[in-house]
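Spelled out from the first residue to the last, the chains are:
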Amino acid sequence: MVSLHGCTTSRAGLPDGTQAVLVGGLNTTLKQYLMESLAAVGIQAEDASGSEGLGGVNPANIMNRTLLGQGAQLEITTPLRTVMFGTNTRAGRKNTTTQVFWDVVHAVRQAVGRIEAEQIVA
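Just so it is clear, the model here is predicted, and its values are computed rather than measured. (Residues numbered from 1 in each chain as written. Predicted model: local features only at pLDDT ≥ 70, side-chain atom pairs only at ≥ 80, totals over all residues. Heavy atoms only, no water.)

Enquirer: Residue-level account of the overall build of the chain, with values.
Expert: Along the backbone of the chain there are five helices and four strands. In the chain, the succession of helices and strands from N to C terminus is β-α-β-α-β-β-α-α-α. Its C-alpha radius of gyration of 14 Å places the chain within 12% of the 14 Å reference for a compact globule of 122 residues. Counting only C-alpha atoms, the chain reaches 40 × 30 × 25 Å along its principal axes. Contacts in the chain between residues far apart in sequence, at least 24 positions, make up 66% of those at least 6 positions apart. Looking at the chain as shown, the accessible area adds up to about 6,800 Å², and 54% of this sits on carbon and sulfur atoms. For the chain, the centre of its 9 positive side-chain charges and the centre of its 9 negative side-chain charges are spaced 11 Å apart. (Helix = DSSP H or I, 4+ residues; strand = E, 2+ residues; numbered from the N terminus. Rg over C-alpha atoms; globule rule 2.2 N^0.38 Å. Contact = heavy atoms within 4.5 Å. Areas by Shrake-Rupley, 256 points an atom, 1.4 Å probe, with all protein chains shown as cover. Lys, Arg positive; Asp, Glu negative; His and termini not counted. Charge placed at Lys NZ, Arg CZ, Asp CG, Glu CD.)

If you want it as C-alpha cells, here you go:
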C-alpha cells in the first residue's frame, strides 16, 4: 500500500521552492523502489526516515496496517504539487494534470509492480 500526502518544504526541512517527494513507511524495499523510480523520471526523492511526523513509521498508520504490516508513504512538497497540476486546487486538479503528474504516477506504478512481482515469486 502507498499513501499520498502533501507537505510544505519547511515541514520537510527542505529549502523553499524544492520540488521533492519524501518517501517513508515501514516497507523499506518498496521505499527504495519508489525512490529509484522517482529519481529515474527526474523527481527528487528523499528518505523520510529522519523526518519527525513524515516518516510513516508508526505501525498504527493506515498505510502500515496491511497484510504485510508495512507500506510506503509519499509526502509531496507544495512546489512539486504546483507543477503537477495546471490549477492546484481541490476542484482544479482533476482536469489539469501535467506531464510531471503522469511521471510521478508511472514511477509509483512501476515501484508497486516491482514489489508485487517479488511477492508472487516468493
